[in-house]
Every structure is written in structure tokens, then in C-alpha cells.
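A closer look at the structure
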Amino acid sequence: MTTAISFPPALDETTLQELDDLLAALRETHEEVPQWEFCDGFLTAVACTRRPIGVHEWLPMLLGDGEPLPAHAPLPQLPVFGTEAQQTRFLELAQARLAEILRQLDRPTHSLEEDDAFSPEVLDTRGAVLMMSAEEQAEIGDEPIPSLAQVWALGFMFAVENWEADWALPRDKEAAQMIDNALEQIVALTEDDTGKPAHNLYDENGPASTSQPRIDAFGHAIWGIYDLRQAWRSLGPQQETIVKGVQPGRNDPCSCGSGKKYKKCCGA
């Protein structure tokens, strides 16, 4: 009998706090720097994108101007980082998390309760706010408070929208339906939780902040992430566009990227 291997989390409470502090320091001079929850959603999308996206692409998309950096040269320091050490440390922690996401999604999983199941790093911000004193809540004022996993989902969709061509639905109807359904589940999390609060995920004894339908939708979205990773891996990388006037052989891979032979796809 094979014994399942359980890996320790890539980021523990100490390193997560370090990341929060690092990003908060960057926001002092660059207010557009996102929260770590947004970054985690973004990195999850990077892990699920059809083609591998290297750090030279995803780092400037997340924290720079979006222009890819040279792929075969040392990474220059992005303007958002005050020091080279800041950038190096952020990359160490972010790449450790990305490797963990890939390992978890590629591992056979039967339950989200398993120790090494994929677990997005999301916050019940509403629950945390409800646990604050009246004075602390007054300081927040009318500032919108995100729902469970809302910031994470926005980070995921930010990556999808900025690499739109890589997320174009394939011609394979079954795979396209799987991908479309999974994306719909994630998009649903970008909306506010308008259901009746029933749980506080920040403190199980705290005032209710999150509805049961929201928790269910979050679970469905996690399974959707598994589907996305599986679908793109089964399809493989997109094929190069065939030059006009040159037809592929009937047993060649179809140029649409479905993963099927030409004779069973566009050449049928």
C-alpha cells in the first residue's frame, strides 16, 4: 500500500505576515500594489494557464507595467521595489507558493479536506471587521468590505483577461464546456455575497459574516480550478497557425489546438 505524502505549507503564518508587511510597504509609495490575496488568485491563474508563463512575464504583469522582461537575462529590479532585496524576497515567497499550487493541483484529490488539497489563501475580511471594536469600525467608515474570496477571484480574472489569447476556448466542445463552467464559477466570486450571513470564517464564535451559498460557491470554484488545470494539460500547448494554403496531414495534430487529429477535428 502506498502512503500519501503530506507536504508542509509553502508559506506559514510567519512568512504570510512577512508578505503582507512587504506588500504594505510597497503600497506606501505605489498605492496600486495589490493585497496578497489578489496575488494568490493571480498566481493560481498563472498555474492554470494553457502555456507555461515564466516569471519574466507574470512579475511585470502583477507588479509592473505589464511589459514582459527579457526571458534569458537576470531580472532587472522593477520600480515598485525599493531595493533589490525586497524583490528577491518577494520572488522567493511567491515562487514557493506557485510551486505549491502546481503540486497540489497535479496531485489526485478526492476531497478538499485532504491535507494537501488545493486551498486558496483567502480572507473572511467581513468577519474580521465584525470582530473589531466600534471605534476601529468607525475608522473604516464606508469603505467597501470584500466578500469571502472576492479579492482572490479578482486576481485570478486579472490574469485571464490580460492573457486573453491563452484562455481562448478550444474547439473541443467537451473541454470548452469544462473551462467555461469553471471560469463562470470563479467570476461568480468576484460579485458581492448578498446572501444571509450564517458563518464567521475568521472566528467560528464571531458574528455571522458569510452566507452558506457563498461557502458552497467557493467550494465549487476550487473544484473548477482542478478542472482548468486538467483541461489545459490534456489539450497541450496551442499549435502554431498553419500557413494559408498549406493543409496539415489527416493524421497530424489539428492546428486549432484541440489535441485531436486533423481528420477527426477541423478536417472532418
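Per chain, residues are indexed from 1 in the order of the written sequence. Local features in this predicted model are restricted to residues of pLDDT 70 or higher, and side-chain atom pairs are both shown and tallied only at a pLDDT of 80 or more, whereas totals for entire chains, interfaces and linings draw on every residue. Calculation of side-chain values draws on the structure's entire complement of heavy atoms; hydrogens and water are dropped beforehand.

With that out of the way, let us pick up helix H8 (residues 173-189). Taking 1.5 Å of rise per residue, 17 residues should cover 24 Å, and H8 covers 25 Å from first to last C-alpha, within 8% of that figure. Per-residue accessibility, obtained with a 1.4 Å probe over protein chains only, is compared with the maximum for each type, and a residue is labelled buried under 20%, exposed over 50%, and partly exposed between these values. Strands here mean DSSP runs of E at least two residues long; helices mean DSSP runs of H or I at least four residues long; both are numbered from the N terminus. Among the residues of H8, Ala175, Ala176, Ile179, Ala182, Leu183, Ile186 and Leu189 are the ones counted as buried. Projection of H8 onto a plane perpendicular to its axis shows the buried side chains occupying an angular sector of 140°, all on one side. Residues of H8 that are exposed and point over 90 degrees away from its buried face: Lys173 and Glu174. Two residues form a contact once any of their heavy atoms are found within 4.5 Å. Where H8 is buried, its residues contact helix H7 (150-162) and helix H9 (212-235). We define a polar contact as two N or O atoms separated by no more than 3.5 Å, with the added condition that, inside protein, one atom must be a possible hydrogen donor and the other a possible acceptor, whereas residues neighbouring each other in sequence contribute only through side-chain atom pairs. Capping the start of H8, Asp172 holds a side-chain oxygen 3.2 Å from the backbone nitrogen of Glu174, two or three residues further along. Every helix has an expected span of 1.5 Å times one less than the residues it contains. This arc describes the spread of directions from the helix axis toward the C-beta atoms.

Moving on, we get to the environment of Ser209. Note that Ser209 resides in the loop between strand E1 (197-199) and strand E2 (210-211). Excluding anything up to four places from it in sequence, Ser209 contacts Asp124, Arg126, Gly127, Leu130, Asp193, Pro197, His199, Asn200 and Leu201. Within polar-contact distance, the side chain of Ser209 engages the backbone nitrogen of Gly127 at 3.5 Å.

In this model helix H2 (residues 36-48) runs 18 Å from its N-terminal to its C-terminal C-alpha over 13 residues, within 8% of the 18 Å that 1.5 Å per residue would give. Counting buried residues in H2 gives 13 out of 13 residues, a clear majority hidden from the surface.

Now for the environment of Pro76. The topology assignment puts Pro76 in the loop between helix H3 (55-63) and helix H4 (84-106). In the structure, Pro76 is positioned 20 residues away from His56 in sequence and 9.6 Å away in space, judged by C-alpha atoms. Ignoring sequence-local partners within four residues, the contact set of Pro76 consists of Leu69 and Gln87.

Take the side chain of Asp166 next. Following the sequence through the fold, Asp166 ends up in the loop between H7 and H8. Reaching out from Asp166, the side chain makes a polar contact with the side chain of Arg51 at a distance of 2.9 Å. Setting aside residues no more than four positions away along its own chain, Asp166 makes contact with Thr49, Arg50, Arg51 and Trp232.

Glancing now at the packing of aromatic side chains. Only Phe, Tyr and Trp rings take part, Trp by its six-membered ring, and two of them pair if their centres are within 6.5 Å. Stacked means planes under 30 degrees apart, edge-to-face means over 60, and tilted covers everything else. All chains considered together, the criterion is met by 8 aromatic pairs. Plain terms: the ring middles of Phe81 and Phe90 are 6.0 Å apart, the flat faces sit at 45° to each other, and that makes the pair tilted. The same class applies to Phe81 and to Phe90, which are both buried. Consider the rings of Trp167 and Trp232, whose centres lie 6.0 Å apart with planes at 85°: the pair is edge-to-face. Placement of the pair is Trp167 in the loop between H7 and H8 and Trp232 in helix H9, with a sequence separation of 65 residues. Site record: aromatic cluster; members linked through ring pairs are Phe38, Phe42, Phe158 and Trp163.

A word on the nonpolar core. Nonpolar side chains in soluble globular proteins generally cluster together in the buried interior. Note on terminology: a nonpolar core comprises buried Ala, Val, Leu, Ile, Met, Phe, Trp, Tyr and Cys residues joined through side-chain atoms within 4.5 Å. Core analysis: the largest hydrophobic core is formed by 62 residues, its most contacted members being Trp58, Phe90, Phe156 and Leu228. Contact partners of Leu228, with chain neighbours within four places excluded, come to Cys48, Phe156, Trp167, Ile179, Ala182, Leu183 and Ile186.

Between two packed helices, the angle of one axis relative to the other and the distance separating the axes together describe the packing. Contact geometry for H2 and H4: axes closest at 9 Å, N-to-C directions at 50°. Relative to H4, the element H2 is oriented oblique. Pair H2 / H4 crosses with right-handed handedness. Residues Trp36, Asp40, Leu43, Thr44, Val46, Ala47 and Cys48 of H2 lie in contact with H4, whose contacting residues are Phe90, Ala94, Arg97, Leu98, Ile101, Leu102 and Leu105. Considered class by class, the residues forming the contact of H2 with H4 number 11 nonpolar, 1 polar and 2 charged. Interaxial angle, 0 to 180 degrees, is taken between N-to-C directions of lines fitted to C-alpha atoms, where a helix line uses only the stretch in contact. Geometric relationships in this document are graded by angle, where less than 35 degrees denotes roughly parallel, more than 145 denotes roughly antiparallel, 65 to 115 denotes roughly perpendicular, and other angles denote oblique. Take the far helix as the reference: if the near one is turned anticlockwise from it by less than a right angle, the crossing is left-handed, and if turned clockwise, right-handed. Gly is put with the polar residues, along with every residue not named as nonpolar or charged; the nonpolar set is Ala, Val, Leu, Ile, Met, Phe, Trp, Tyr, Cys and Pro, and the charged set is Asp, Glu, Lys and Arg.

Fair warning: the whole summary comes from geometry, so function is off the table for now.
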